[in-house]
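# A look at the structure
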Amino acid sequence: MAEIPPTQFAAYPRGNSVSNYGTVEQLEALGGGYFGLNTVFTVNLVIAVSLNAASRTYGPIALLIGALFLFAVVAALSYPQNQKIAYGKSWPNSKALLASILMGLNSALCYGLVGYVVMQNIAMKEMKLYGIQSGLFGLKKKNFENFVANRRNQNSAPFPPVIP
């Protein structure tokens, strides 16, 4: 008679669609930086359009002074948001500072759009590791807040042990 092989099984999580990646505080920081950069971009856009109009009236000196002003404002406003993203990614603050300086320099070219897209993409990729899904036009703040609230509630209840 043939021997019956032992029952095999694979231990993998079932029925839990929420990732246990990272902490809720890091997730909140990522979201804060992600949505905060939208506000900084709006300020950048308003200043850049005003600067364009002023340079047509007052000449290239106004453009140079305005570009320096725009650099300083964008770098200063984006730093707290980039710090949040850096915390969420477990990066040192020096990376947040570097990102803010580069965003400030880039603000004179194409309104700094590239810098905002890059930093928000970095934050979104990290948030996806937590299980967040984004739509075609990015992440909606209300969906993010609901996800964080659910995650916070799940973290207050003990997780079942994972069998290796």
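Scroll up for the structure.
Notes on the structure follow. Quantities reported herein were computed from a predicted structural model and do not represent experimental measurements.

## Some remarks on a nonpolar patch on the surface
Taken together, the side chains of Leu97, Leu98, Ile101, Leu102 and Leu105 define a hydrophobic patch exposed on the protein surface, amounting to about 460 Å² of accessible area. Examined against the element boundaries, Leu97 turns out to sit in helix α3 (residues 93-106). By relative accessible area, which is 43% here, Leu97 ends up partly exposed.

## Thoughts on the packing of helix α1 (residues 24-58) against helix α2 (residues 60-89)
α2 packs onto α1 with a crossing angle of 175 degrees between their chain directions and a minimal axis gap of 7 Å. When the axis of α1 is compared with that of α2, the two are roughly antiparallel. Class assignment of the residues belonging to the contact of α1 with α2 gives a composition of 22 nonpolar, 11 polar and 3 charged.

## Describing α3
In this model α3 runs 20 Å from its N-terminal to its C-terminal C-alpha over 14 residues, within 8% of the 20 Å that 1.5 Å per residue would give. For α3, the set of buried residues is Ala96, Ala99, Ser100, Met103, Gly104 and Asn106. One face of α3 carries all of its buried residues, which in axial projection span an arc of 165 degrees. Facing away from the buried surface of α3 by more than 90 degrees, the exposed residues are Ser94, Leu98 and Leu105. Contacts made by the buried residues of α3 are with α1, α2 and α4 (113-128).

## Focus on the pattern of salt bridges
Side chains that differ in charge, positive against negative, can pair when their charged atoms come close. In the structure shown here, the tally under the stated rule is 2 salt bridges. Glu28 is paired through a salt bridge with Arg152; the nearest N and O atoms lie 2.6 Å apart. Of the two residues, Glu28 is situated in helix α1 and Arg152 in helix α5 (residues 141-156); the sequence distance between them amounts to 124 residues. A relative accessible area of 34% places Glu28 in the partly exposed class. Judged by relative accessible area, Arg152 falls into the partly exposed class, the value being 36%.

## Section: α1
Its 35 residues give α1 an end-to-end C-alpha distance of 50 Å, which sits within 8% of 51 Å, the value for a rise of 1.5 Å per residue. Phi turns positive, to about 95 degrees, at Gly59, one or two residues after α1.

## Let's talk about the side chain of Ser55
Its place among the elements puts Ser55 in helix α1. Under the relative-accessibility criterion, Ser55 is labelled buried at 15%. Within the structure, the side chain of Ser55 is placed 2.8 Å from the backbone oxygen of Asn52, a separation counted as a polar contact. Not counting the four nearest positions on each side in its chain, Ser55 is found in contact with Ala62 and Leu63.

## Section: the nonpolar core
Leu27, Tyr34, Met127, Ile132, Leu139 and Phe144 are the most contacted members of the largest nonpolar core, which has 26 residues in total. Tallying contributions element by element places α1 first for this core, with 9 residues.

## Focus on the environment of Val40
Topologically, Val40 is positioned in helix α1. Taking relative accessible area as the criterion, Val40 reaches 5% and is therefore assigned buried. Residues Val40 and Val73, spaced 33 residues apart in sequence, show a C-alpha to C-alpha distance of 9.1 Å. Not counting residues up to four positions away in its chain, the partners in contact with Val40 are Val74, Leu77, Ser78, Gln81 and Tyr116.

## Points about the side chain of Gln120
With respect to the element layout, Gln120 can be found in helix α4. Exposure remark for Gln120: the relative accessible area of 15% places this residue in the buried category.

## Describing the packing of aromatic side chains
Inspection of every chain in the model, using the stated rule, returns 3 aromatic pairs. The interplanar angle of 90 degrees and the centroid separation of 5.1 Å between the aromatic rings of Tyr34 and Phe35 together place this pair among those described as edge-to-face. Classification of Phe35 as buried rests on a relative accessible area of 13%. Residues Phe41 and Tyr116 carry aromatic rings whose centres are separated by 5.2 Å and whose planes lie at 75 degrees to one another, so their mutual orientation is edge-to-face. Here Phe41, found in helix α1, pairs with Tyr116, found in helix α4; they are 75 residues apart in sequence, far enough to count as distant. The buried category is assigned to Tyr116, whose relative accessible area is 2%.

Cut-offs used in this document
Residues numbered from 1 in each chain as written. Predicted model: local features only at pLDDT ≥ 70, side-chain atom pairs only at ≥ 80, totals over all residues. Heavy atoms only, no water. Patch = residues over 30% accessible without salt bridge, like charges linked within 9 Å, V, L, I, M, F, W, Y side chains within 5 Å. Areas by Shrake-Rupley, 256 points an atom, 1.4 Å probe, with all protein chains shown as cover. Salt bridge = Lys/Arg side-chain N within 4 Å of Asp/Glu carboxyl O. Helix = DSSP H or I, 4+ residues; strand = E, 2+ residues; numbered from the N terminus. Buried < 20%, exposed > 50% of the residue type's maximum accessible area, 1.4 Å probe, protein only. Axes fitted to C-alpha atoms, helices over the stretch in contact; angles between N-to-C directions. Parallel < 35°, antiparallel > 145°, perpendicular 65-115°, else oblique. Nonpolar A, V, L, I, M, F, W, Y, C, P; charged D, E, K, R; others polar. Expected span 1.5 Å × (residues − 1). Arc of directions from axis to C-beta. Contact = heavy atoms within 4.5 Å. Polar contact = N/O pair within 3.5 Å; in protein donor to acceptor, adjacent residues only side chain to side chain. Core = buried A, V, L, I, M, F, W, Y, C linked by side-chain atoms within 4.5 Å. Phe/Tyr/Trp six-rings, centres within 6.5 Å; stacked < 30°, edge-to-face > 60°.

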